[in-house]
Amino acid sequence: MKENYDFSKGIKNPYAKKLKKQITIRLDADTIDYFKEQATEVGISYQNLINLYLRDCAENKKKLSFAWE
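Heads up: these notes are all about the structure in this document. Here the structure is a predicted model, which is why all the values come from computation and not from measurement.

Overview of the pattern of salt bridges
No. 1: For the coordinates displayed, the defined rule picks out one salt bridge.
No. 2: In this structure, Lys62 engages Asp56 in a salt bridge whose closest nitrogen and oxygen atoms are separated by 2.9 Å.
No. 3: Residue class for Lys62 comes out partly exposed when judged on its relative accessible area of 47%.

This is the structure:
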């Protein structure tokens, strides 16, 4: 290895803004099962499917409509 490297001509990672962040989230078992089933049908992981769904909600500014009983 060199003692020093020249990064003066380096460029920033263009994908850095799209990196995923690991979090912990609690979901009902039946919700997970639903997304796992849907993910199997389309051939992607259920975590990616949940991410795609939530991204669509955020991009389209969808609001949840519900009422507490």
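So, helix H2 (residues 46-59)
No. 1: Its 14 residues give H2 an end-to-end C-alpha distance of 20 Å, which sits within 8% of 20 Å, the value for a rise of 1.5 Å per residue.
No. 2: Looking at H2, one finds that the buried residues are Leu49, Ile50 and Cys57. An end-on view of H2 places all buried positions within 100° of arc, on one side of the element. Of the exposed residues in H2, the ones pointing more than 90 degrees away from its buried face are Gln47, Ala58 and Glu59.
No. 3: Each element contacted by the buried residues of H2 is listed here: helix H1 (29-42).
No. 4: Lys61 lies just past H2 and shows a positive phi near 50°.

What counts, and at which threshold
- The residue numbering used here restarts from 1 in each chain and proceeds along that chain's sequence as written.
- In keeping with the predicted nature of the model, local features appear solely for residues at pLDDT of at least 70, side-chain atom pairs appear and are counted solely at 80 or more, and the whole-chain, interface and lining totals rest on all residues.
- Heavy atoms from the whole structure form the basis of all side-chain values; hydrogens and water molecules are not counted.
- Criterion for a salt bridge: a side-chain nitrogen of Lys or Arg within 4 Å of a carboxyl oxygen of Asp or Glu.
- Burial classes: relative accessible area under 20% of the type maximum marks a residue as buried, over 50% as exposed, and values in between as partly exposed (1.4 Å probe, protein chains only).
- Strands are runs of DSSP state E lasting at least 2 residues, helices are runs of H or I lasting at least 4, and numbering of each runs from the N terminus.
- One fewer than the residue count of a helix, multiplied by 1.5 Å, yields its expected span.
- As used here, the arc belongs to the directions running from the helix axis to the C-beta atoms.
- Whether two residues are in contact is decided by their heavy atoms, any of which lying within 4.5 Å being enough.

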